[in-house]
There are 2 protein chains.
Amino acid sequence: MDIDFGNIKVVGFDADDTLWVNETYFREAEERFAELLEKFETKNKIDQELFKMEMKNLDTYGYGIKGFMLSMIESALELSNYTISQKTISSILTLGKEMIEKPVELLPGVKEVLSLLSNKYRLIVLTKGDLLDQERKLDKSGLSDYFHHVEVLSDKKESNYRNLLDHLEIQLNEFLMIGNSLKSDVLPIINMGAQAVHVPFHTTWAHEEATPEESVNKYLTLNELSEILKYLN
Amino acid sequence: MDIDFGNIKVVGFDADDTLWVNETYFREAEERFAELLEKFETKNKIDQELFKMEMKNLDTYGYGIKGFMLSMIESALELSNYTISQKTISSILTLGKEMIEKPVELLPGVKEVLSLLSNKYRLIVLTKGDLLDQERKLDKSGLSDYFHHVEVLSDKKESNYRNLLDHLEIQLNEFLMIGNSLKSDVLPIINMGAQAVHVPFHTTWAHEEATPEESVNKYLTLNELSEILKYLN
């Protein structure tokens, strides 16, 4: 593996499950959703059908909690064969609003890493999802001052990254991306010829799972974010 | 009125109801929503309650169709005292998805204005709402190539504009904003000391209505966008 961060001037951080906990809250919401529907189907079936509904609606709704709420409602209607009670639909709305209002829980070492790296590198946040949700989380996180720029992307494909790096006038060989998702944070970056570091989170949404294949030697994997300080200093 | 656009180098355009039709689709959706609930309440009452629900949820959901869909569902549950049928909730979901998938209908003169102005000015889009919705509309509009930059803001308050102009390194005296909403596109800009042009759309969402008071002499009002060519050329 050829890891040389000597040229790096700009470090991009994913936000959800890289800087703070996110996927855990979706898993908890899925648990509660399955409980609300337990008289209709098994937990397993409910999980599967909800995921299918999210994938069916992804092009229409995009990423984020509001789309998830709408998919939960549509899924509840179908799974119950349109017999779900009105109060249960109301409970799904409450469940979603609670997700939106959750406090932000930083992952271990995040503050120290950003504080140290911000002395030497330009740090940016590159996240996808709902604009308002992400701005709000950054605000609650207390991390805003470490970042030169925050970009919420509608998706994290190679073209989204290319447009953004062009716009911010960042050279590929000066850019390092750090994130928990191989599919969104690592593989598109490696394909572009920039560098990436993978810091897996214990929970990964099925949609974000990726098989690295031949890319496996092209990026660094860390157990936790603070290990990056051994490589960037 | 002191209108001098001699220093202007960058022209910002609002998108919804400035470049293309938007509010009309919300009004049509409200009509259909009221029809779905007609056995419970009068059209007038349904309109009022839906608007109240949108305002109650605005901090949580922000602007955009997904939040509107969730507010329609919550409003339908309350207005029907939790007796609304499951099929009607399904119809509300369909109604919202149809809004998201609507074609983009450009307003008169938009293409000509952008085409002419883009030879002399840096044009940018400054819109609020749902990131994915707005990107999709710009894409469908065929207008992307006229713009140097597109920014989707979570809100259009003075602070949002200030951050963006700083980030894009645009001087206040070089910036002109054009839009249909006094509250979002004109007043915050005038307050900052930049210039703004108001091009009213025939329909304005109640939330966007503003009373200009003493600001009325500080901006230009046009009947339609193409009149701007008399001032910028």
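It should be noted that the structure appears before, not after, this text.
The present account deals with the structure reproduced in this document.

Calculation notes
Residues numbered from 1 in each chain as written. Chains lettered and ligands numbered in written order. Predicted model: local features only at pLDDT ≥ 70, side-chain atom pairs only at ≥ 80, totals over all residues. Contact = placed C-beta atoms within 7 Å. Helix = DSSP H or I, 4+ residues; strand = E, 2+ residues; numbered from the N terminus. Nonpolar A, V, L, I, M, F, W, Y, C, P; charged D, E, K, R; others polar. Pairing = 2+ DSSP bridges. Buried ≥ 20, exposed ≤ 12 C-beta atoms within 10 Å, placed from the backbone. Core = buried A, V, L, I, M, F, W, Y, C linked by C-beta atoms within 7 Å.

Right, let's talk about the interface of chain B and chain A for a bit. Each partner contributes residues to the interface: chain B has 25 residues there, and chain A has 25 residues. When contributions to the side of chain B that touches chain A are tallied by element, the ones reaching two or more residues are helix H2 (43-61), helix H3 (65-79), helix H4 (86-100) and helix H6 (131-141) of chain B. Across the side of chain B that touches chain A, the residue classes tally to 13 nonpolar, seven polar and five charged.

A few words now on the sheet that holds strand S4 (residues 175-179) of chain A. All names here are of chain A. Spatial strand order, S3-S2-S1-S4-S5-S6: six strands in an open sheet with parallel pairing. Each of the sheet's edge strands pairs with one partner strand only, and the pair in question is strand S3 (149-153) and strand S6 (220-221). Pairing of S4 with strand S5 (residues 195-198), which is carried by four bridges, proceeds in the parallel orientation. Across the sheet, residue Gly179 finds its bridge partner in S5, namely His198.

Below, the discussion takes up helix H8 (residues 182-192) of chain B. Residues and elements named next belong to chain B. Here H8 lies mainly inside the structure; eight of its eleven residues are buried. Listing the buried residues of H8 in full gives Leu182, Ser184, Asp185, Val186, Leu187, Pro188, Ile189 and Ile190. Each element contacted by the buried residues of H8 is listed here: strand S2 (122-128), helix H7 (158-167), strand S4 (175-179) and strand S5 (195-198). Gly193 occupies a position one or two residues after H8 and carries a positive phi of about 95°.

Looking now at the nonpolar core. Ile178 and Ala196 of chain A together with Ile178 and Ala196 of chain B are the most contacted members of the largest nonpolar core, which has 72 residues in total. When residues no more than four places from it in sequence are discounted, the contact partners of Ile178 of chain A are Val11, Gly12, Phe13, Asp14, Thr18, Val197, Val199 and Ile228 of chain A. Counting 40 residues, the second-largest nonpolar core is a separate cluster that includes Leu36 and Ile46 of chain A together with Met53 and Leu70 of chain B.

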